[in-house]
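# Structural features, examined
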Amino acid sequence: MSDVDRLAGLPQDQRILLAPLVRTTKWFWIWAAVLAAVTAWGAFAYALQVQSGLGVTGLNTPEYWGIYIICFVFFIGISHAGTLISAILRISNAEWRRAITRSAEFITVLVIAFGAVQPVLDLGRPDRLLFIILHGQPWSPLLWDVCSIGLYFTASSVYLYVPMIPDLALIRDLGIRPRWLYWFLAIGYQDSPRTRRMLQRIIAVLAVAVIPIAVSVHTVIAWIFAMTLRPMWHSTIFGPYFVVGAIYSGIAALILAMAILRRVYRLEAYFKLVHFNNMGLMLLLMSLLWTYFTFAEYLTAWYGGEEAELATFWSKLTGPFAVPFWLMVASCFVIPFALMCRKATRGVRGTSIASVFVVFGMWLERYTIVVPTSLHPRIEMASTHYVPSWVELSIMAATFSGFILVYMVATKFFPIISLWEIQEGREEAVREVSERVASYLPDEVRVAGS
Amino acid sequence: MPRWGMVIDLDRCNGCQACEVACRSENNVPVCGPNAAALNRTISWMRVVTEVEGEWPEVRTRFLPRPCMHCERPPCTAVCPVGATAIDEEGIVGQIYARCIGCRYCANACPYTVKSFNWRRPDYPASTLPMLNPDVSTRPVGVIEKCTFCHHRLQRAREQARVENRPLREDDYVPACAEVCPTSAIVFGDLDNPNHRVAQLVKDPRAFRLLEALGTQPKVYYLTESR
């Protein structure tokens, strides 16, 4: 009996949600081939860089950091989608989360590796990478970063894996290939009220634990910049500003992933309009928060009026970086706000368009943070500029394609929507929610003496 | 314990750049060529920064020789993840080329932009190879380098003093830039030793340090122009 036949007689959830595991279309292979080719090209570009040094980039003095560091901040930011959103929704008992948590958690785990590798690509001596462990200096914010990203990767992998165990056990019991994989990953789990209760308890603890870890990650990334005395980097609000930006771009990335999954795997019944509407509201909230932080950051720099700060400030607002800066403002505030504040445009198409702009705008945000400050050191240098080389751009393209590729492949081995949580929602949540709502209502007050 | 420092009298500096040349040959600083210069990728441990003031015919050029400031509170050493740059007990901020992983965090943290990165494998023309200074290691591709106050000269002077069984004298240890300066604009010595000229010069009312307000406490002082 083939895997396809095995699914035919199953209930709707299993039939639809496990279908990608057993059936692969021609388009999947075409996309996979294209993405693999781009990734391989990026690997070739990196090999060239290793061979001849960072001279193949467009970097110079004082533009010591460029595309790699921008992408580092950007991709780690995207990784905030999953774990944080999923954990917050779980803790707050948001029932609409059930269909989206798994796809979100997968983004986190898969993209974080692509983000974490960026500073390694940026190293002049990648052969000495282990020195960070052998000779680590705890005073360096870079070391804090290694610790927090390592912890975040571990915690979010566990947080992805543990809630997946019942689904893996189900797949194992159905006998879908590769059987050894599901047998191994299901670690002998047998579904029973007792094991389910234990699992729920572990998930609850994990969900609480991953939130401060996730917040720490982007805070520490911001501190890499903020701990220096550079104009418009040395800012106390950089930590929370980066966290807000990270969650913002993370939500946008999740919306895009949902829109694509919905289309290619025919998941319209699961990723419903209500999900896009609710995610769109979160996008709206984050766009306002981001704008508030950006305004606060730029106003204080301008009002303080320190010479070095102003040089960087004006280079962004009216100088050579005016185009990326105002594009960023349009992409991160004007467009998403205009689209997300109306219910009519909070559908699949509207949220997707807004999300494309947000992802693009948040990349630009990191660009306008890293590059203008680098090019405006406190002591005037000969005028210089930064044009990324083809090597840097190829590696950036490869990072994008590599991430999409592994995400695609992951959807072929793991159900991208949690089966047991949907089932639990059908069986128990309706009753639980009505009980919960009933508990909010005023108690009956007995009149004394009657 | 000495605290090595430098005083540069801007009244005396005529912008001849002899310090740059002396530094380059003393420390085996590679000449990167016009292509690297066009990309702002040259390496120099000592650079005479020029500033043109006024409009023709009332034009004046000011010169500011700029080595590493050897800050008492260096922003670069704290951020290095592997301890490849550190300040020693005599106040010299050193670079350990064999330890550096090339992340360029120190270069970004330095408010004076005195750190240079080896973007490409250094290339010494064959004719210059016999002239390389054997006391100073050449640097590989992918690491940061900068002025070390000619630290190797201190080691040599110490050895010499030990051999001759005498304490280190004021003139025993002088970096190449100070030694070569034709107008004696650059003075070097122990800031804590009242017998050294630098200790007297830093008390001059003309003395100032670059970006003093940042609190990095540089040990390179300047004497401002009196004209």
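Residues numbered from 1 in each chain as written. Chains lettered and ligands numbered in written order. Predicted model: local features only at pLDDT ≥ 70, side-chain atom pairs only at ≥ 80, totals over all residues.

The helix and strand tally for chain A stands at 20 helices and 0 strands. Relative to its length of 450 residues, chain A is compact, with a C-alpha radius of gyration of 24 Å against a globular reference of 22 Å. With the C-alpha coordinates of chain A rotated into their principal frame, the extents come out at 75 × 70 × 45 Å. When the 450 residues of chain A are sorted by exposure, 47% land in the buried category. Put simply, 81% of the contacts in chain A that link residues at least 6 apart link residues at least 24 apart. (Helix = DSSP H or I, 4+ residues; strand = E, 2+ residues; numbered from the N terminus. Rg over C-alpha atoms; globule rule 2.2 N^0.38 Å. Buried ≥ 20, exposed ≤ 12 C-beta atoms within 10 Å, placed from the backbone. Contact = placed C-beta atoms within 7 Å.)

With that settled, the discussion passes to the sheet that holds strand β1 (residues 4-9) of chain B. Residue and element names in this part refer to chain B. With respect to topology, 4 strands assemble into an open sheet ordered β8-β1-β10-β9, the strand pairing being mixed. Edge positions in the open sheet fall to β8 (186-190) and β9 (207-208), since each of these has one partner strand only. As paired strands, β1 and β8 are joined by 5 bridges and run antiparallel to one another. In the strand pairing of β8, Gly5 is matched with Gly189. (Pairing = 2+ DSSP bridges.)

Moving on, we get to helix α5 (residues 67-78) of chain A. All names here are of chain A. Helix length check: α5, at 12 residues, gives a terminal C-alpha distance of 16 Å against a target of 16 Å (1.5 Å per residue), a fit within 8%. Judged by how many residues are buried, α5 sits mostly within the fold: 12 of 12 residues are covered. Among all positions of α5, only Ile67, Tyr68, Ile69, Ile70, Cys71, Phe72, Val73, Phe74, Phe75, Ile76, Gly77 and Ile78 are buried. (Expected span 1.5 Å × (residues − 1).)

Let us look at helix α4 (residues 26-52) of chain A. Residue and element names in this part refer to chain A. Relative to the 39 Å expected for 27 residues at 1.5 Å per residue, α4 spans 40 Å between its end C-alpha atoms, a close match to the ideal helical length. The set of residues buried in α4 consists of Leu35, Thr39, Gly42, Ala45 and Gln49. Looking one or two places after α4, you find Gly53, whose phi comes out positive at around 90°.

Quick look at the nonpolar core now. If you look at soluble globular proteins, the nonpolar side chains tend to sit buried side by side. Formed by 184 residues in total, the largest nonpolar core has its most connected members in Ile107, Ile251, Leu254 and Leu283 of chain A together with Ile186 of chain B. Residues contacting Ile251 of chain A, with those up to four places away along its chain left out, are Ala81, Ile85, Met279, Met282, Leu283 and Met286 of chain A. (Core = buried A, V, L, I, M, F, W, Y, C linked by C-beta atoms within 7 Å.)

Attention now moves to the confidence of the model for chain A. For any part of a model where pLDDT is low, the fine detail of the predicted coordinates should not be relied upon. Mean pLDDT over chain A works out to 93, with 99% of the residues at or above the 70 mark. Within chain A, the element-level pLDDT minimum falls on helix α1 (residues 3-8) of chain A, averaging 83, and the maximum on helix α17 (residues 322-340) of chain A, averaging 97. (pLDDT = per-residue confidence, 0-100.)

This part is about the environment of Ala94 of chain A. Residues and elements named next belong to chain A. Mapped onto the fold, Ala94 is located in the loop between α6 (82-91) and α7 (101-116). Judged by C-beta crowding, with 14 C-beta atoms within 10 Å, Ala94 ranks as partly exposed. Through-space distance from the C-alpha of Ala94 to that of Val433 is 10.0 Å; in sequence the pair is 339 residues apart.

This brings us to the interface of chain A and chain B. If you look at the interface, chain A gives 36 residues, while chain B gives 34 residues. If you list the elements that add at least two residues to the side of chain A that touches chain B, you get α8 (118-122), α9 (131-134) and α10 (141-161) of chain A. The dominant element in the side of chain A that touches chain B, judged by the number of residues it contributes, is α10 of chain A, at 3 residues. Its residues assigned to classes, the side of chain A that touches chain B shows 19 nonpolar, 12 polar and 5 charged. (Nonpolar A, V, L, I, M, F, W, Y, C, P; charged D, E, K, R; others polar.)

Below, the discussion takes up the pairing of strand β10 (residues 220-223) of chain B. Residues and elements named next belong to chain B. The alternating pattern of β10 places Val220 and Tyr222 on one face and Tyr221 and Leu223 on the opposite face, and all of these are buried. Pairing of β1 with β10, which is carried by 4 bridges, proceeds in the parallel orientation. Bridge pairing links Ile8 to Tyr222 in β10. Two strands pair when backbone bridges link them, and β9 and β10 are joined in this way by 2 bridges, in the antiparallel orientation.

All names here are of chain A. Mapped onto the secondary structure, Val205 falls in helix α13 (residues 193-226). Residue classification places Val205 among the exposed positions, given that 11 C-beta atoms sit within 10 Å. Along the primary structure Val205 and Tyr159 are separated by 46 residues, whereas in three dimensions their C-alpha atoms are 9.9 Å apart.

Cis peptide bonds are those with omega within 30 degrees of zero, and the linkage from Thr61 of chain A to Pro62 of chain A qualifies with 10°. Relative to the helices and strands, Pro62 of chain A is located in the loop between α4 and α5. Arg177 of chain A connects to Pro178 of chain A through a cis peptide bond whose omega is -5°. One non-glycine residue, Ser184 of chain B, lies in positive phi territory at about 55°. In this fold, Ser184 of chain B is placed in the loop between α6 (176-180) and β8. Taking the number of C-beta atoms within 10 Å as the measure of exposure, Ser184 of chain B has 10 and is therefore exposed. Here the phi dihedral of Leu211 of chain B falls at roughly 45°; this positive angle occurs in a residue that is not glycine. Note on placement: Leu211 of chain B falls in the loop between β9 and β10. By C-beta crowding, Leu211 of chain B is classed as partly exposed, having 16 other C-beta atoms within 10 Å.

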